[in-house]
Amino acid sequence: MDNAPRCEPPRVLLQDEVLREFLTAAVEKYQFITSRSPLPCFALLLGSAHGNTFAVERIAFARNARTEDPAARVEFTASIIPRFGTAYENEARGWWVNSSDLLSISREAEADGLDLLGSIHLHPDWHRIGPPSERHLVLSDHPTPMDQHTFGRTSWPVNLICYLERRGSAMYHSLAAWSPPSEPDDQCHRIPLLVTADVTMER
């Protein structure tokens, strides 16, 4: 028999209360989205890594520095907009995490024995609520080309995308986890995602 240790495939374990915290913030943000302003909702994922298993135990919301940071303005003007389209001229699009927030969140996580694992962000049903000229752009819990670029730049091992869709008075969501591309022109790969069941088990 082959007794060599087996390398487990990557997977993400997500606490249900962490998902509820993000969904609460995302649904609140969704209420203020207009056809001209696809407001982002973004948080950092904190937890622990055990081999290829990433356990997300906490999220931390951070400010968007795109409209404040000169480096962000230069990046979007010189690189993002020419590569991914004029839609990113809209400053409500795209995310550049505030560097001071990133530093303080990382330090607090380290003090609590947690690692910075990655990020989670919102994809709204833009093809339903966006401007008529963009209704053909169907969002989901899959990464956009811009997402893949961002995931590759950060190289964080876990990238969660939460898709929200309104149906009447109800909100529905789907969630997927993605690894960063290993090369600039590669695709992200989906990672199995397990969310704790919010039920009481009887012994």
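Residues numbered from 1 in each chain as written. Predicted model: local features only at pLDDT ≥ 70, side-chain atom pairs only at ≥ 80, totals over all residues. Heavy atoms only, no water.

Chemist: Could you give an account of helix α3 (residues 99-111), naming the residues involved and the relevant values?
Modeler: Taking 1.5 Å per residue as the helical rise, α3 with its 13 residues ought to reach 18 Å, and the 18 Å between its terminal C-alpha atoms agrees with that figure. For α3, the elements touching its buried residues are β2 (42-50) and β3 (53-61). Immediately beyond the C-terminal end of α3, within one or two residues, lies Gly 113, with a positive phi of roughly 75°. (Helix = DSSP H or I, 4+ residues; strand = E, 2+ residues; numbered from the N terminus. Expected span 1.5 Å × (residues − 1). Contact = heavy atoms within 4.5 Å.)

Chemist: Quick rundown of empty space enclosed by the protein? Include the residues and the values.
Modeler: As enumerated under the stated definition, the model contains 1 cavity of 30 Å³ or more in all. Considering only enclosed or pocket space, the largest cavity measures out at about 30 Å³ in volume. Lining the largest cavity are Leu 14, Val 18, Leu 19, Phe 22, Leu 45, Ile 59, Ile 120 and Leu 160. Of the residues that constitute the lining of the largest cavity, the class distribution is 8 nonpolar, no polar and no charged. (1 Å grid on protein atoms, 1.4 Å probe; cavity = no way out; pocket = protein on both sides within 12 Å on 5 of 7 lines; lining within 4 Å. Points joined across faces, edges and corners; volume = space filled by probe spheres on them. Nonpolar A, V, L, I, M, F, W, Y, C, P; charged D, E, K, R; others polar.)

Chemist: Quick one: what's the story with the layout of surface pockets, residue by residue and with numbers?
Modeler: One number sums up the size of the largest pocket: a volume of about 1000 Å³. Surrounding the largest pocket, 40 residues form its lining, Gly 94, Trp 95, Met 146, Asp 147 and Thr 150 being those nearest its centre. Elements with a minimum of two residues in the lining of the largest pocket: α2 (70-84), α3, β4 (115-124) and α5 (145-154). The leading source of residues in the lining of the largest pocket is α5, at 8 residues. Its residues assigned to classes, the lining of the largest pocket shows 25 nonpolar, 10 polar and 5 charged.

Chemist: Account for the pairing of strand β5 (residues 158-167), naming residues and giving values.
Modeler: Across the 10 residues of β5, 8 count as buried, placing the element largely inside the fold. Taken together, the 7 bridges between β4 and β5 define a ladder with parallel strand orientation. Paired with Ser 119 across the two strands is Asn 159, which belongs to β5. As paired elements, β5 and strand β6 (residues 170-179) share 9 bridges and run antiparallel to each other. For Leu 160, the partnering residue across the bridge sits in β6 and is Ala 177. The hairpin turn running from β5 into β6, its antiparallel successor, is 2 residues long, and Gly 168 in that turn takes a positive phi close to 65°. (Buried < 20%, exposed > 50% of the residue type's maximum accessible area, 1.4 Å probe, protein only. Pairing = 2+ DSSP bridges.)

Chemist: Kindly report on α5, identifying the contributing residues and their values.
Modeler: When we look at burial in α5, the residues that qualify are Met 146, Asp 147, Gln 148, His 149 and Phe 151. If you follow the buried residues of α5, they end up packed against α2, β4, β5 and β6. Directly beyond the C-terminal end of α5, a positive phi value near 60° is found at Ser 155.

Chemist: Please give an account of the packing of aromatic side chains that cites residues and values.
Modeler: Counted according to the given criterion, the structure contains 2 aromatic pairs. Seen from their ring centres, Phe 22 and Phe 61 are 6.3 Å apart, and the 10° between their planes marks the pair as stacked. With Phe 22 in helix α1 (residues 16-30) and Phe 61 in strand β3, the pair connects residues that are 39 residues apart, well separated along the chain. An angle of 20° between the planes, with centres 4.7 Å apart, marks the rings of Phe 42 and Trp 95 as stacked. Pair noted here: Phe 42 is in strand β2 and Trp 95 is in the loop between α2 and α3, with a separation of 53 residues, a long-range link. For the pair Phe 42 and Trp 95, one class covers both residues: buried. Here the basic side chain of Arg 66 rests over the ring of Phe 76, its NZ or CZ set 3.8 Å away from the ring centre. (Phe/Tyr/Trp six-rings, centres within 6.5 Å; stacked < 30°, edge-to-face > 60°. Lys NZ or Arg CZ within 6 Å of the ring centre and 35° of its normal.)

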